[in-house]
Amino acid sequence: MVTKQFAGTADEADLRRADSLAREIFSDVANKWALLIIEALGERTLRFGELRDEVEGISHKMLTQNLRMLERNGLAERTVYPTVPPRVEYTLTEPGQALRATVDLICGWTHHYFGHVETARRRFDA
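Here we summarise the structure given alongside this text. (Residues numbered from 1 in each chain as written. Predicted model: local features only at pLDDT ≥ 70, side-chain atom pairs only at ≥ 80, totals over all residues. Heavy atoms only, no water.)

### Points about the pattern of salt bridges
Part 1: Scanning the entire structure with this criterion turns up seven salt bridges.
Part 2: With its nearest N and O atoms 3.7 Å apart, the salt bridge here joins Glu89 to Arg87.
Part 3: Assessed through its relative accessible area of 19%, Glu89 is described here as buried.
Part 4: Overall, the relative accessible area of 30% leaves Arg87 in the partly exposed class.
Part 5: Salt bridges sharing common partners tie together Glu39, Glu43, Arg100 and Asp104. (Salt bridge = Lys/Arg side-chain N within 4 Å of Asp/Glu carboxyl O. Buried < 20%, exposed > 50% of the residue type's maximum accessible area, 1.4 Å probe, protein only.)

The structure is reproduced here in structure tokens:
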């Protein structure tokens with residue numbers, strides 16, 4: 001992946017532009033696995049296996065890729081403890097916690113409109 005270089009201010013990061021860093025960030029965090037990982041880490045610090053158990057259906061590979069992406073974007077921190085075997089824990093950073101507030105809103109929206117979406121899908125698929 002090629003990271004866009006951005007020399008302007010955050011106000012100039014136009015999500016609608018194809019070469020925008022804002023679009024790259026949005027693309028990173030707006031996937032189902034990232035949202036579910038952020039939601040799971042919002043409650044507490046978790047080890048890799050605990051996180052995999054919390055996010056049902058995620059593969060080892062997808063969890064690893066998404067954790068690396070969240071860490072790269074400064075949304076999650078990885079702490080390695082010098083034990084045998086090594087103990088690794090993940091937690092959300094302050095920006096990650098701020099993003100979690102938005103994720104919580106999306107989850108609330110999903111619960112609120114679940115029935116509406118389900119009805120619309122049945123009507124559309126008929």
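### Notes on helix H4 (residues 60–72)
Part 1: Its 13 residues place the ends of H4 18 Å apart at the C-alpha level, agreeing with the 18 Å of an ideal helix rising 1.5 Å per residue.
Part 2: All of the buried residues in H4 are Leu63, Thr64, Asn66, Leu67, Met69 and Leu70.
Part 3: Those residues of H4 that are buried are in contact with helix H1 (21–29), helix H2 (32–41), helix H3 (48–54), strand S2 (76–81) and strand S3 (87–92).
Part 4: Two residues or fewer past H4, Gly74 is found with a positive phi of approximately 75°. (Helix = DSSP H or I, 4+ residues; strand = E, 2+ residues; numbered from the N terminus. Expected span 1.5 Å × (residues − 1). Contact = heavy atoms within 4.5 Å.)

### Brief notes about the packing of H2 against helix H5 (residues 94–125)
Part 1: Where H2 meets H5, the closest approach of the two axes is 9 Å, and the angle between their N-to-C directions is 110°. Here H2 is positioned roughly perpendicular relative to H5, judged by the angle of their axes. In this structure, the crossing between H2 and H5 has a hand that is left-handed. Touching Leu35, Ile38, Glu39 and Leu41 of H2 are Gly96, Gln97, Leu99, Arg100, Val103, Asp104 and Cys107, all from H5.
Part 2: Residues of the contact of H2 with H5, tallied by class, amount to six nonpolar, two polar and three charged. (Axes fitted to C-alpha atoms, helices over the stretch in contact; angles between N-to-C directions. Parallel < 35°, antiparallel > 145°, perpendicular 65-115°, else oblique. Left-handed = near helix turned anticlockwise from the far one by under 90°. Nonpolar A, V, L, I, M, F, W, Y, C, P; charged D, E, K, R; others polar.)

### Concerning the nonpolar core
Part 1: Membership of the largest hydrophobic core comes to 22 residues, with the highest contact counts inside it found for Ile37, Leu41, Leu51, Val55, Leu63, Leu67 and Leu70.
Part 2: Mapped onto this core, the elements with two or more residues apiece are H2, H3, H4 and S3.
Part 3: Broken down by element, this core gets its largest block of residues, six residues, from H2.
Part 4: Once residues lying within four places of it in the same chain are set aside, the contact partners of Leu51 are Ile37, Ala40, Leu41, Leu46, Leu63 and Leu67. (Core = buried A, V, L, I, M, F, W, Y, C linked by side-chain atoms within 4.5 Å.)

### Here's the deal with the pairing of S3
Part 1: As paired elements, strand S1 (residues 46–47) and S3 share two bridges and run antiparallel to each other. Across the sheet, residue Arg47 finds its bridge partner in S3, namely Glu89.
Part 2: Sheet topology places S2 next to S3; six bridges connect them, and they run antiparallel. Pairing of Ala76 across the sheet is with Leu92, part of S3.
Part 3: From the end of S2 to the start of S3, which pair antiparallel, there are five residues. (Pairing = 2+ DSSP bridges.)

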